[in-house]
Every structure is written in C-alpha cells, then in structure tokens.
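An overview of the molecular structure
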Amino acid sequence: LEKLKSSLLHKRRRSKVILTDGLNWLYKLHEAGLNGILADEMGLGKTIQSISIIAQIEYEKTEEEKKNRNSFHIVIVPKVTLNKWQKEFEKWFPDC
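Structure report, in brief. Computed from a prediction, not measured in an experiment: that's the story for all the values here. (Residues numbered from 1 in each chain as written. Predicted model: local features only at pLDDT ≥ 70, side-chain atom pairs only at ≥ 80, totals over all residues. Heavy atoms only, no water.)

So, about the side chain of Lys61. Locating Lys61 in the fold gives a position in the loop between helix H2 (46–60) and helix H3 (63–67). Polar contacts involving the side chain of Lys61 include one to the side chain of Glu58, which spans 3.0 Å. Excluding its chain neighbours within four sequence positions, the residues that come into contact with Lys61 are Lys66, Arg69 and Ser71. (Helix = DSSP H or I, 4+ residues; strand = E, 2+ residues; numbered from the N terminus. Polar contact = N/O pair within 3.5 Å; in protein donor to acceptor, adjacent residues only side chain to side chain. Contact = heavy atoms within 4.5 Å.)

For the rest of this paragraph, the subject is the packing of aromatic side chains. A complete count under the given rule lists two aromatic pairs for this structure. Taken together, a centroid distance of 5.4 Å and an interplanar angle of 65° make the contact between Tyr59 and Phe93 edge-to-face. Here Tyr59 is found in helix H2, whereas its partner Phe93 is found in the segment after helix H4 (82–92), with 34 residues between them in sequence. A centroid spacing of 6.2 Å and a plane angle of 35° characterise the contact between Trp85 and Phe89, whose relative ring orientation is tilted. Highlighted residues: Trp85 and Phe89, both in helix H4, separated by four residues, approximately one helical turn. For the pair shown, Trp85 and Phe89 are each scored as buried. (Phe/Tyr/Trp six-rings, centres within 6.5 Å; stacked < 30°, edge-to-face > 60°. Buried < 20%, exposed > 50% of the residue type's maximum accessible area, 1.4 Å probe, protein only.)

In structure tokens:
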C-alpha cells in the first residue's frame, strides 16, 4: 500500500510539473507575440492548460481592451469533446 501511495504521489507531482511547464511556455509565447499548440499524450492536462492561459490573458486585459477587442482565442477540438470543453470552461473560467 505504501508503495502504491508513493507511486501516486510521484505521478501527481510530475503532472503538476508538466502542467506548470506547459502553462509557462504558453505564457512566454504570448508575451513574445507568438502562438503555440499543445500536443502530447492524452490525460496530461491540455484542456486545463488551454483554459488557464486563455483566462490569464483575459484577466490581464483592461476594460478598454476588452471593449475594443481586436484578437480572439481559437480552440480546435474534435466535435465529440465539445460538451466536455464547455463544462470545463464553465467550471474553471465562468467569466468566459
């Protein structure tokens, strides 16, 4: 049981590192005026990383920038995952 707990904790820490690294990479791209695509194995947090970077960028905008929007975000996903994405946006970025 202890071995299993240790393994699960290690996987959880590794997942947090992957999520943080990916989010930091996306933010650095944004600051440089560049775009990026997240692509890796399933289950490594692309959905939450994508929602997080969009939320961060939107929260940093002034009311004037929001009012005079000149850029948008696009998320391309398979049609079968649209409901999942909508639920995740409602959960993690309800102001969207």
